[in-house]
Amino acid sequence: MKQEESSRPSAEPFSLPGMTRRGFVSATLAAGFALAVRPVSAPTITTDETGLTTGEIRIRTADGHIPAYRAKPKKGSAFPLVLVVQEIFGVHEHIKDVCRRLAKLGYVAIAPELYARQGDVSKMTDIDEIRKVVSKVPDAQVLADLDATVAWIKDSGEGNVERLGITGFCWGGRIVWLYAAHHPTLKAGVAWYGRLVGTPSALQPSHPIDVASSLKVPVLGLYGAEDQGIPLDTVEQMKTALRAADSPSEIVTYPNAGHAFYADYRPSYRKDAAENGWTRLQE
């Protein structure tokens, strides 16, 4: 897919004076699935591009540009906007397909590459090496890049930023909770199996449970009861925090699902839970 050229002031080309690859390691999006997840599983869902405009765009940020994948209906304008936040493997084919699924429903969906400054995880095969890259990504940078993505949509006129939603998976599921406490005009969020608790650090000063009382919009959390990385007791802690804050947010736990149950390209995929979660997302 060719990168789109644009005269819009918020989507300039990547060639920036003084910007080096040390500043932005990932200048383009991954082609296909991330190496760490190959070969992909048989049930992998593929959404065609019929009736859609799809491709790579460039989002201006405070310190340069980051690549992003955008999908929208070919006909119409001012579509409701959904930010799609990547799983740990970056904006690879699965995340692009999720964008196309949302575009088929009438949204403009954008997935910015939020590790662009730290590394290109799509070419890594070792999960520990991927984690090293991801551990260097500051929450403040991520929230600012998502804000920049919303600004791109506003400038382009392609989407209605007053009808803004967000969804994210795994690493991105955690970000959904944080963004719901950050962005003033967000309308709703859906967090798929995102980590809820953790030790505060300079790069991650707070976690979802810490912002439960300051969520600006309702969030739907979708979790697997058999998730070995997100213990059920932490999910219960989050539920308790949400009730204490009188939040309209909701967490659904699927009894026969583990982590990444929506990832149809992986053995972790659980069809019933995935389809139910997708239906709830649309609602």
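For the structure, see preceding data.
Residues numbered from 1 in each chain as written. Predicted model: local features only at pLDDT ≥ 70, side-chain atom pairs only at ≥ 80, totals over all residues. Heavy atoms only, no water.

**Focus on the pattern of salt bridges**
Any two side chains of opposite charge can pair, given that their charged atoms come close. Inspection of the entire model under this criterion finds 16 salt bridges. As a salt-bridge pair, Asp-97 and Arg-101 come within 2.7 Å of each other at their nearest N and O atoms. A residue pair is termed a helical-turn pair when its members lie 3 or 4 positions apart in one helix, as Asp-97 and Arg-101 do in helix H1 (residues 93-104) at four residues. On the basis of relative accessibility, which here comes to 2%, the residue Asp-97 falls in the buried class. Taking the relative accessible area as the measure of exposure, Arg-101 reaches 9% and is therefore buried. When salt bridges that share partners are traced, they join Glu-93, Asp-97, Arg-100, Arg-101 and Asp-264 into one network. (Salt bridge = Lys/Arg side-chain N within 4 Å of Asp/Glu carboxyl O. Helix = DSSP H or I, 4+ residues; strand = E, 2+ residues; numbered from the N terminus. Buried < 20%, exposed > 50% of the residue type's maximum accessible area, 1.4 Å probe, protein only.)

**Describing the packing of aromatic side chains**
A complete count under the given rule lists ten aromatic pairs for this structure. Here Phe-33 and Tyr-265 contribute two aromatic rings whose centre-to-centre distance is 5.3 Å and whose plane-to-plane angle is 35 degrees, an arrangement assigned as tilted. Remark: Tyr-265 occurs in the loop between strand S8 (250-254) and helix H6 (271-282) and Phe-33 occurs in the segment before strand S1 (52-61); sequence separation between them is 232 residues. On the basis of relative accessible area, Phe-33 is assigned to the buried category, the value being 16%. Taken together through their ring pairs, the aromatic side chains of Phe-169, Trp-192, Tyr-193, Tyr-254, Phe-261, Tyr-262 and Trp-278 make up a single cluster. (Phe/Tyr/Trp six-rings, centres within 6.5 Å; stacked < 30°, edge-to-face > 60°.)

**Digging into the side chain of Arg-70**
Its place among the elements puts Arg-70 in strand S2 (residues 64-73). Looking at Arg-70, the relative accessible area reads 1%, which means it is buried. Of note is the side chain of Arg-70, whose polar atom sits 2.9 Å from the side chain of Glu-158. (Polar contact = N/O pair within 3.5 Å; in protein donor to acceptor, adjacent residues only side chain to side chain.)

**A look at the nonpolar core**
One finds Val-84, Leu-146, Trp-171, Trp-177, Trp-192 and Tyr-193 to be the most contacted residues of the largest nonpolar core, which totals 90 residues. Apart from residues lying up to four places away in sequence, Trp-177 is in contact with Ala-191, Leu-196, Pro-208, Val-211, Leu-215, Val-219, Gly-221, Tyr-223, Met-238, Leu-242, Ser-249 and Ile-251. (Core = buried A, V, L, I, M, F, W, Y, C linked by side-chain atoms within 4.5 Å. Contact = heavy atoms within 4.5 Å.)

**Re the sheet that holds strand S7 (residues 219-224)**
Strand order across the open sheet formed by eight strands is S1-S2-S4-S3-S5-S6-S7-S8, with mixed pairing between neighbours. Strands with a single pairing partner mark the edges of an open sheet, and in this sheet they are S1 and S8. Ignoring strand direction, the axes of neighbouring strands in this sheet form an average angle of 20 degrees. With respect to the sheet, H1 is in contact with S1, S2, strand S3 (79-85), strand S4 (108-112) and strand S5 (159-169), its orientation differing from that of S2 by roughly 40 degrees. With respect to the sheet, helix H3 (residues 139-156) is in contact with S1, S2, S3, S4 and S5, its orientation differing from that of S1 by roughly 120 degrees. (Pairing = 2+ DSSP bridges. Axes fitted to C-alpha atoms, helices over the stretch in contact; angles between N-to-C directions.)

**Points about helix H4 (residues 171-180)**
Every α-helix winds through 3.6 residues per turn, so residues three or four apart in the chain are directed the same way. Of all ten residues that make up H4, ten are buried, and the element is covered over most of its length. Of all the positions in H4, only Trp-171, Gly-172, Gly-173, Arg-174, Ile-175, Val-176, Trp-177, Leu-178, Tyr-179 and Ala-180 are classed as buried.

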